[in-house]
Every structure is written in C-alpha cells, then in structure tokens.
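Understanding the architecture of this molecule
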Amino acid sequence: MSLQWRWTLALLAAAILLLGGVAWFLDASLRRQERESRVAWEERQQRELMARLESFGADASRSLEQAARSDALASLLVEALRQGQAGRRPVTTWAATEAPRFGLDLLAVLRGDGTILTHSTWPASHGLSHPLHLRLARAVAAPVLVWEGQAPEEGEAPWYVGAVRPVDFDGEELLVVGGRALSPEALAVLRDRADVARLEMGLALGDLRLALVPPTWHVEGRLPLVYEAAPDPTTEALQPVRRRLLGLTLLSLILVAVAAPAVAGGLVRPLHRLQRAVGELERGERRIEIPLQGPSEVRLLGAALQDLASSLEASEAAARAAQRRAAWREMARHLAHELKNALSPLT
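Residues numbered from 1 in each chain as written. Predicted model: local features only at pLDDT ≥ 70, side-chain atom pairs only at ≥ 80, totals over all residues. Heavy atoms only, no water.

Attention shifts here to helix α5 (residues 184–194). Considered for burial, the residues of α5 that qualify are A186, L187, L190 and A194. Here the buried residues of α5 occupy an arc of 95 degrees about the axis, which is enough to place them on one side. Opposite the buried face of α5, at more than 90 degrees from it, the exposed residues are P184, E185 and D192. Immediately downstream of α5, the backbone of D195 shows phi near 60 degrees, a positive value. (Buried < 20%, exposed > 50% of the residue type's maximum accessible area, 1.4 Å probe, protein only. Helix = DSSP H or I, 4+ residues; strand = E, 2+ residues; numbered from the N terminus. Arc of directions from axis to C-beta.)

A cluster of nonpolar side chains, namely L18, V22, W24, F25 and L26, defines an oily patch on the protein surface of about 550 Å² accessible area. Residue placement: L18 occurs in helix α1 (residues 3–68). Judged by relative accessible area, L18 falls into the exposed class, the value being 57%. (Patch = residues over 30% accessible without salt bridge, like charges linked within 9 Å, V, L, I, M, F, W, Y side chains within 5 Å. Areas by Shrake-Rupley, 256 points an atom, 1.4 Å probe, with all protein chains shown as cover. Salt bridge = Lys/Arg side-chain N within 4 Å of Asp/Glu carboxyl O.)

As enumerated under the stated definition, the model contains one aromatic pair in all. Residue placement shows R101 over the ring face of F102; its charged tip is 4.6 Å from the ring centre. (Phe/Tyr/Trp six-rings, centres within 6.5 Å; stacked < 30°, edge-to-face > 60°. Lys NZ or Arg CZ within 6 Å of the ring centre and 35° of its normal.)

Taken in spatial order, the six strands line up as β2-β1-β5-β4-β3-β8 in an open sheet, and their pairing is mixed. Here the strands that pair on one side only, and so sit at the sheet edges, are β2 (116–119) and β8 (217–219). This sheet shows a mean twist of 25 degrees between the axes of neighbouring strands, independent of strand direction. One ladder, built from four bridges, connects strand β3 (residues 144–148) with strand β4 (residues 159–169); its direction is antiparallel. By the bridge assignment, L145 is partnered in β4 with G162. (Pairing = 2+ DSSP bridges. Axes fitted to C-alpha atoms, helices over the stretch in contact; angles between N-to-C directions.)

Okay, the pattern of salt bridges next. Applying the stated criterion across every chain yields a total of 14 salt bridges. Close ionic contact of R52 with E48 constitutes a salt bridge, the shortest N to O distance being 2.9 Å. One end of the pair, R52, and the other, E48, are both in helix α1, four residues apart, so they sit about a helical turn from each other. Overall, the relative accessible area of 29% leaves E48 in the partly exposed class. R333 is the salt-bridge partner of E330, the closest N and O atoms lying 2.4 Å from each other. Highlighted residues: E330 and R333, both in helix α7 (residues 296–343), separated by three residues, approximately one helical turn. Classification of E330 by relative accessible area gives partly exposed; the value is 41%. A network of salt bridges, in which partner residues are shared, links D27, R31, E34 and R242.

Bear in mind that shape data such as this cannot, by itself, settle questions of function.
Pasting the structure below:
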C-alpha cells in the first residue's frame, strides 16, 4: 500500500473518530436535555391536572354547601319527615330539578340509618337503604369525597366527585350528599383545561398513566382515572435538531472522504519530488532543482539533498581535474622517456 493511501486512511480514521465523537457528545447532550425536559413537562402536567381536579372537587363541595343551605330544601325535608311517604314526591322532584341549577349531577339526602329520603338520579329509591351509607357517613369530615355510584337505574355506575354534609332538620341529623359526575363530557373539559392529550376512565396501559388525585380527597375504592401527557414542546423542538446533526455529520464524513486523497497527495508530493531528485542523482545528474515546499523537515531534507548534489558536482569536477593533471604528467614523463631514448645514440 502506498504512502498516499496510508495517509488517506489515517485522515479518514481521524475524521471519523473526531466527527463521531463530537456528534455522539452533542447527541447525548440533546437526549439528556430531552429526558429532563420530558420529565419536567410530565410533572408539570401532572400538577396542572391535579390542580384542575382540585378545582373541580372544590366547585362540587361549594355547590353542595349552597344546596344544603337552601331554604326550599329545608322546608321540603321537614315536610317529608313529618308526612312520611306523602311528602316524598315534592322533595324528590325538587332534588331532580334543582341539582343541575346548583351545578350538581347528584343530590341525595339520607337519614342517619342510611334510609334514602331523596335521590336526584334514583327516584325510586325513597325508603331504601343506600348501599354506601356507611362509607358516606365515615367521609363526613373529608373536604371532597370521590365514590362510584351504585344506583341500578344508571346502568354503568359513574364516578362522582363531591362531598357529604351533616345537617339538622327538625331535630334529626341527616346527610346531604352532592356530587358531580366524572362523565366523558366533564373529563373532556378537564382534559382541555389541563392541556393533556387524553383523560378517561380505564386502565393504565401503554402511554396512559394513573392520575394522582389531591391528597385531601377521600377516595372510596380505586379511582380508575388515567391520562396521557401531551407532547413536550421542547422535545419536539429538539428532535429536528438531532436529525439535522446526524445529517451534518454524514455530510462532513462524505466531504472528508472526498478531500482526504487530495490532502494526502499534498502531504506526500514533496516526498515524491525528493524521490525523483534521488533518481536523477543516481543517473548522474548533478544540477537538480528541488522546490523547498512542504513541512519544515521535508524542506530541510530537500536543502540537504541539494547541498549533497552540489558537493558531488564539486568533488567530481575536482576528480576530473586531478585526472587530467595526472594524465598530462604521465604523458610528459612518457615523452621525456622517448626523447631520452632517441638522443642516447647521439651522446
């Protein structure tokens, strides 16, 4: 393998290591920033959803307070307690018609033993025992109560967010129960206000995770409220940056692969000139011109080679002159000898 190709491969390997290392470092930094931003975004969405749920429960609790203090409810309950079965219809009608006005989906009044006096969503329940009356009685002190409805007429039982308040009517302590249903419509409003992607009743599967409820809530059972966080804007903004970084790295490697042979050729070209100069010296050429270009070491070597050529030329010139003088001396000696031989008979 020639020196030029060795240099080419060395440059390519150095470029791959350098560009790959820089790209890996930048990509790792972007990934870490994405993870941190996604975690912070999901925590922020969880807090926002919890705040919206807390506001939803506070509204239901305030609505119940207003309904419990209603003079109309008080008078109707007093009549219902006095008249028994005969006073049931007015209070039941009032609960069914007035509950929406107070912003409630459910309004019920229970006696201390759990007997239902009125139930806005279960009209036929008067005189029956509420299936959750023991739990409702225990949750009187909770600011917000979350429970699953048990009225058989409702089909699939919804979940309610509301409260239980004890009131005293005509010397008897009653429980007023009010709640707002976590219906698909209500969940859609909460989803839009909390700015999450999905909010529904179901199982925490895939991207869905269990929603945390405010710590002050009293939840009867396990509320199957799940949500999916909306995409993180920072993460979405960083993903194109990572793709552009990858494209830029590949483009840089292609440019290096194209330019590496030319760069390697520029590095070995002075050595090729020195090689040609040595060949000329071998052929006997002494007047050589070596361009002093390239690295300093190559320039020093070229200058030394030129000095060597000059020294060789001077040495050869001196040797030729010495040879000529020796030849003249030998010829003079031979001529003198011949002349001496020719003149010997004369003497």
